[in-house]
Amino acid sequence: MSAREAILNAVRGGLGHRTVDPAALRREADALLEDLPAIRPGLLADDLVEAFIARLVTPKVAATAERIADASALPAAVARYLEARGLPAAIAVQPAAVLQALDWAGFELHDRVAPDETLAVGFARWGIAETGSLVFHSDAETPILANFLPLHHLVMVRASTVLAYLDDYATATAGQRPPRNVNIITGASGTTDIEGSLVLGAHGPRYLHVVIVEDVPPA
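Before going into details, it helps to say that this report is about the structure given with it.

Reading guide: rules and limits
- Residues numbered from 1 in each chain as written.
- Predicted model: local features only at pLDDT ≥ 70, side-chain atom pairs only at ≥ 80, totals over all residues.
- Heavy atoms only, no water.
- Patch = residues over 30% accessible without salt bridge, like charges linked within 9 Å, V, L, I, M, F, W, Y side chains within 5 Å.
- Areas by Shrake-Rupley, 256 points an atom, 1.4 Å probe, with all protein chains shown as cover.
- Salt bridge = Lys/Arg side-chain N within 4 Å of Asp/Glu carboxyl O.
- Helix = DSSP H or I, 4+ residues; strand = E, 2+ residues; numbered from the N terminus.
- Polar contact = N/O pair within 3.5 Å; in protein donor to acceptor, adjacent residues only side chain to side chain.
- Contact = heavy atoms within 4.5 Å.
- Buried < 20%, exposed > 50% of the residue type's maximum accessible area, 1.4 Å probe, protein only.

Points about a nonpolar patch on the surface
Together, Ile7, Val11 and Leu15 line one region of the surface with nonpolar side chains, adding up to about 280 Å² of accessible area. Tracing the sequence through the fold places Val11 in helix α1 (residues 3-15).

Structure below.
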């Protein structure tokens, strides 16, 4: 017997041999969802983007944020961030088409994020106003390590993809083929918790800056 089987058997033994009525479980779950607004926490602002930003800058999440009018202003936002912190203009840019299409003149670009990368620029698929989280799906345009290696992570997210609650993300992706990995990242602390193919917890980099863009077309 493996260690895993021994643990599971111990748990089963502790629970006893109780039968579970699937219909009763469904009724209980449906009852919880009858008044969803009553069980959801309040957001920090009426506007979703403002609520997202308000959560991002709380001490618990410890990120910074700004809004820009369109994606073409992102390189200037990166330059301001670097200048304000006295950092070199040497950055890694996620290989997402929306980022690669921008004018990065004046920057020294890296194709891959090095283990000691100072700053990487990324693109998140969704933002979650409830928790101040960013959601990344692994694919050819989103190397997972890019979310965890750099000291500073500057992430662009579309204003139109900021969702109110985490369960809204589940609704938005219902029926879609799941990616190999989903990263739901909240805050910046240099640590992370990993459970299977789902990465939950704090942001690998020490500093997180989120740039919300108004008019980036959907990928």
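Some thoughts on the side chain of His137
Structurally, His137 is set in strand β6 (residues 133-137). There is a polar contact of 2.7 Å between the side chain of His137 and the side chain of Tyr169. If we skip the residues at most four places from it in the chain, His137 touches Arg125, Trp126, Thr142, Tyr169, Thr173, Pro179, Asn181 and Val182.

What to know about the pattern of salt bridges
Using the criterion set out here, one finds seven salt bridges in the structure. Between Asp30 and Arg26 there is a salt bridge, with the nearest N and O atoms lying 3.5 Å from each other. Placement of both Asp30 and Arg26 in helix α2 (residues 22-33) is noted, with a separation of four residues, approximately one turn of the helix. Judged by its relative accessible area of 36%, Asp30 falls in the partly exposed class. Close ionic contact of Glu50 with Arg67 constitutes a salt bridge, the shortest N to O distance being 2.6 Å. Here Arg67 lies in strand β1 (residues 64-68) and Glu50 lies in helix α4 (residues 48-56), a separation of 17 residues in the sequence. Assessed through its relative accessible area of 35%, Glu50 is described here as partly exposed.

What about the side chain of Asn183?
Tracing the backbone shows Asn183 in strand β9 (residues 182-186). Residue classification places Asn183 among the buried positions, given a relative accessible area of 0%.

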